[in-house]
Amino acid sequence: MKKVGVLGAGQLGRMLALSGFPLELDFHFYDTSGHPSVGLGDITIDTTANLENPELKRFLDEVDVVTYEFEHLPLQLTQYIESKTTLYPPSKSIEVCQDRALEKALFTKLGIPTPTYQIVRSLTDLESAVENIGCPVVVKTTTEGYDGKGQFVIRSNDQCDTAWKEIGDRTLIVESFVEFDRELSIIAVRKENDEMEVYPLAENDHHEGILRFSTAPAPKLSPETSELARTYIRELMHELGHVGILTLELFETKGGLVANEMAPRVHNSGHWSIEGTACSQFENHLRAINDFPLGCTGAKFPTCMINIIAEKGDINSIMALPYAHIHLYGKEERKGRKLGHITVQADNLEELKWRVKNVASFLPGCPDYNLIP
Ligand code: AMP
């Protein structure tokens, strides 16, 4: 039996393992956070990320390939692992995706539209960038930001000081504020031999910075827009020499697609693929990194994934619904925490909307489900 080593031990690792067991894969998780929630496979906890740690050696000796479910890892650690064994996706993908400056530079190099941006390292730099780009702007930390954390929207020049105090004292990226119609994401998988498969785009609805609904295939998407997104992600994967799943988040605007950011891993906006396709993002990731044939990525039905945030709600009532697939992650309830998700399918979009609203009514604090009109 082949053993996959996974850096990180949260719900993404859990869903990787759940899709890997039927392929006769075994798992060993290496957790650097001190709070593994994966609940499956072997787990090593090492919060030191010390390359001399004998636990790391034991982990590397035991596994056939290493992957990760979290990209904010010390580069020194991933490069070390890459020098000892196969790391997929390669550390170049981590290096680029964990730094918004490198990510934006790559989009620009490949001619993928992205917001006008400037990198700043001081309050004076920030003030002149805001002056150049013009308000409103979105200011973000170049590293470690996620789910809207480490961000500040500057609406007038006199807010620079507050923004710098709140998230500054480190390198920031200042981006023009994009007036988008909706947020989309595209997920694709690549093997070492450049073979690729692409999933249909998903429409993503965020509330308070956290993803709440992903609908796939994204409704009312023109074939040209879809084809453009497919081209972008193929070019990105090829350029990075990426192996495994890559996710690209996009804004759809009146003027076309604008790239926001990438994740070199399975993504929350791809959870719909577990029930929605013949081969989920988790399974295809494992197939790619183990050099197995890739699986079919086409959508079977209109599908919506609803995140369960903070409270589990009336799960028993949701269990009684014949169209709701429940995935709980084994986590305690806590404000803002992703505790699980529910996948809903229907024969058509109208039926899907009705079913999603029904499921949402059992989830406390769940916002309204409003697809693009
Ligand atoms: P991010 O961490 O870059 O994915 O940003 C989190 C959320 O902030 C995105 O999902 C968007 O809703 C919003 N956002 C990020 N960048 C911009 C931008 N340049 N213009 C408008 N909204 C943005």
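Residues numbered from 1 in each chain as written. Predicted model: local features only at pLDDT ≥ 70, side-chain atom pairs only at ≥ 80, totals over all residues. Heavy atoms only, no water.

Some words on the environment of Val 258
And then number 1: Tracing the chain through its elements places Val 258 in strand S14 (residues 256–263).
And then number 2: A relative accessible area of 14% places Val 258 in the buried class.
And then number 3: Spatially, the C-alpha atoms of Val 258 and Glu 55 are 43 Å apart, while their sequence positions differ by 203 residues.
And then number 4: In this view, Val 258 contacts Pro 113, Thr 114, Pro 115, Val 178, Glu 249, Leu 250, Phe 251 and Thr 253; residues no more than four positions away in its chain are not counted. (Helix = DSSP H or I, 4+ residues; strand = E, 2+ residues; numbered from the N terminus. Buried < 20%, exposed > 50% of the residue type's maximum accessible area, 1.4 Å probe, protein only. Contact = heavy atoms within 4.5 Å.)

Topic: unusual backbone geometry
And then number 1: The omega torsion across Tyr 88 and Pro 89 is -5 degrees, close enough to zero to call that bond cis.
And then number 2: Turning to its location among the elements, Pro 89 is positioned in the loop between helix H3 (75–84) and helix H4 (91–97).
And then number 3: Following Cys 135, the chain continues to Pro 136 via a peptide bond in cis, the omega torsion being -5 degrees.
And then number 4: Position of Pro 136 among the secondary structure elements: in the loop between helix H6 (123–133) and strand S6 (137–141).
And then number 5: At Glu 208, a position not held by glycine, the phi torsion is positive, near 50 degrees.
And then number 6: Residue position: Glu 208 is located in the loop between strand S11 (202–207) and strand S12 (210–216).
And then number 7: With a relative accessible area of 83%, Glu 208 lands in the exposed category.
And then number 8: The phi dihedral of Lys 220 falls on the positive side, at around 55 degrees, and the residue is not glycine.

Some remarks on the site of the ligand
And then number 1: Within the structure, the ligand sits among 15 residues, and Lys 140, Gln 151, Val 178, Glu 183 and Glu 261 are positioned closest to it.
And then number 2: Contact distances for the ligand include 2.9 Å between an oxygen atom and a side-chain N or O atom of Arg 100.
And then number 3: Gln 151 is positioned with one of its side-chain polar atoms (N or O) 2.9 Å from an oxygen atom of the ligand.
And then number 4: In the complex, 88% of the free accessible area of the ligand, which totals 470 Å², lies under the protein chains.
And then number 5: Of all the elements in the fold, those that place two or more residues in the shell around the ligand are S6, strand S8 (172–176), strand S13 (244–253) and S14.
And then number 6: By residue class, the composition of the shell around the ligand is 5 nonpolar, 4 polar and 6 charged. (Near = heavy atom within 4 Å. Polar contact = N/O pair within 3.5 Å; in protein donor to acceptor, adjacent residues only side chain to side chain. Areas by Shrake-Rupley, 256 points an atom, 1.4 Å probe, with all protein chains shown as cover. Nonpolar A, V, L, I, M, F, W, Y, C, P; charged D, E, K, R; others polar.)

A few points about helix H8 (residues 223–240)
And then number 1: Spanning 18 residues, H8 covers 26 Å between terminal C-alpha atoms, matching the ideal 26 Å at 1.5 Å per step.
And then number 2: Within H8 the residues assigned to the buried category are Thr 225, Ser 226, Ala 229, Tyr 232, Ile 233, Leu 236, Met 237 and Leu 240. The buried side chains of H8 occupy one side of the element, clustering within an arc of 125 degrees when seen end-on. Summarising the geometry of H8, the exposed residues directed more than 90 degrees from the buried face are Pro 223 and Glu 224.
And then number 3: Of the surrounding secondary structure, the elements contacted by the buried residues of H8 are H4, helix H5 (100–109), strand S9 (182–190), strand S10 (196–198), S13 and S14. (Expected span 1.5 Å × (residues − 1). Arc of directions from axis to C-beta.)

A short note on the sheet that holds S6
And then number 1: Across the sheet, 4 strands lie side by side as S5-S8-S6-S7; this open sheet has antiparallel pairing. Two strands in the sheet have a free side with no partner beyond their single neighbour: strand S5 (117–120) and strand S7 (151–154). Strand-to-strand twist in this sheet, taken as the mean axis angle between neighbours without regard to direction, amounts to 20 degrees.
And then number 2: Pairing of S6 with S8 involves 5 bridges; the strand directions are antiparallel. Residue pairing for S8: Lys 140 is matched across the bridge by Ile 173.
And then number 3: Lying over the sheet, H5 contacts S5, S6, S7 and S8, oriented at roughly 150 degrees with respect to S5.
And then number 4: In this fold H6 packs onto S5, S6, S7 and S8, with an angle of close to 170 degrees to the strand it touches most, S5. (Pairing = 2+ DSSP bridges. Axes fitted to C-alpha atoms, helices over the stretch in contact; angles between N-to-C directions.)

With respect to the nonpolar core
And then number 1: Counting residues in each nonpolar core, the largest one holds 30 residues, and the members touching the most others are Val 4, Phe 27, Phe 29 and Leu 286.
And then number 2: Contact partners of Phe 27, with chain neighbours within four places excluded, come to Lys 3, Val 4, Val 6, Leu 16, Ala 17, Gly 20, Phe 21, Gly 41, Asp 42 and Leu 286.
And then number 3: Core analysis: the second largest hydrophobic core is formed by 24 residues, Val 96, Met 196, Val 198 and Leu 248 among them. (Core = buried A, V, L, I, M, F, W, Y, C linked by side-chain atoms within 4.5 Å.)

Description of the environment of Thr 44
And then number 1: Structurally, Thr 44 is set in strand S3 (residues 42–45).
And then number 2: Residue classification places Thr 44 among the buried residues on the basis of a relative accessible area of 3%.
And then number 3: Thr 44 sits 181 residues away from Thr 225 along the chain, and the two C-alpha atoms are 44 Å apart.
And then number 4: Among the polar contacts listed, one links the side chain of Thr 44 to the side chain of His 28, at a separation of 2.8 Å.

With respect to the pattern of salt bridges
And then number 1: With the rule as written, the count across this model stands at 20 salt bridges.
And then number 2: Across the pair Glu 261 and Arg 100 runs a salt bridge, and its minimum N-O distance is 3.0 Å. A residue pair is termed long-range when its members are at least 10 positions apart, and Glu 261 in strand S14 and Arg 100 in helix H5 qualify at 161 residues.
And then number 3: What makes Arg 100 buried here is its relative accessible area of 6%.
And then number 4: Ionic pairing is found between Arg 182 and Glu 252, a salt bridge with its closest N-O pair at 2.6 Å. With Arg 182 in strand S9 and Glu 252 in strand S13, the pair connects residues that are 70 residues apart, well separated along the chain. Exposure class is identical for Arg 182 and Glu 252. Each is buried.
And then number 5: What emerges from the salt-bridge pattern is a single network uniting Lys 3, Asp 42, Glu 55, Arg 58 and Glu 62. (Salt bridge = Lys/Arg side-chain N within 4 Å of Asp/Glu carboxyl O.)

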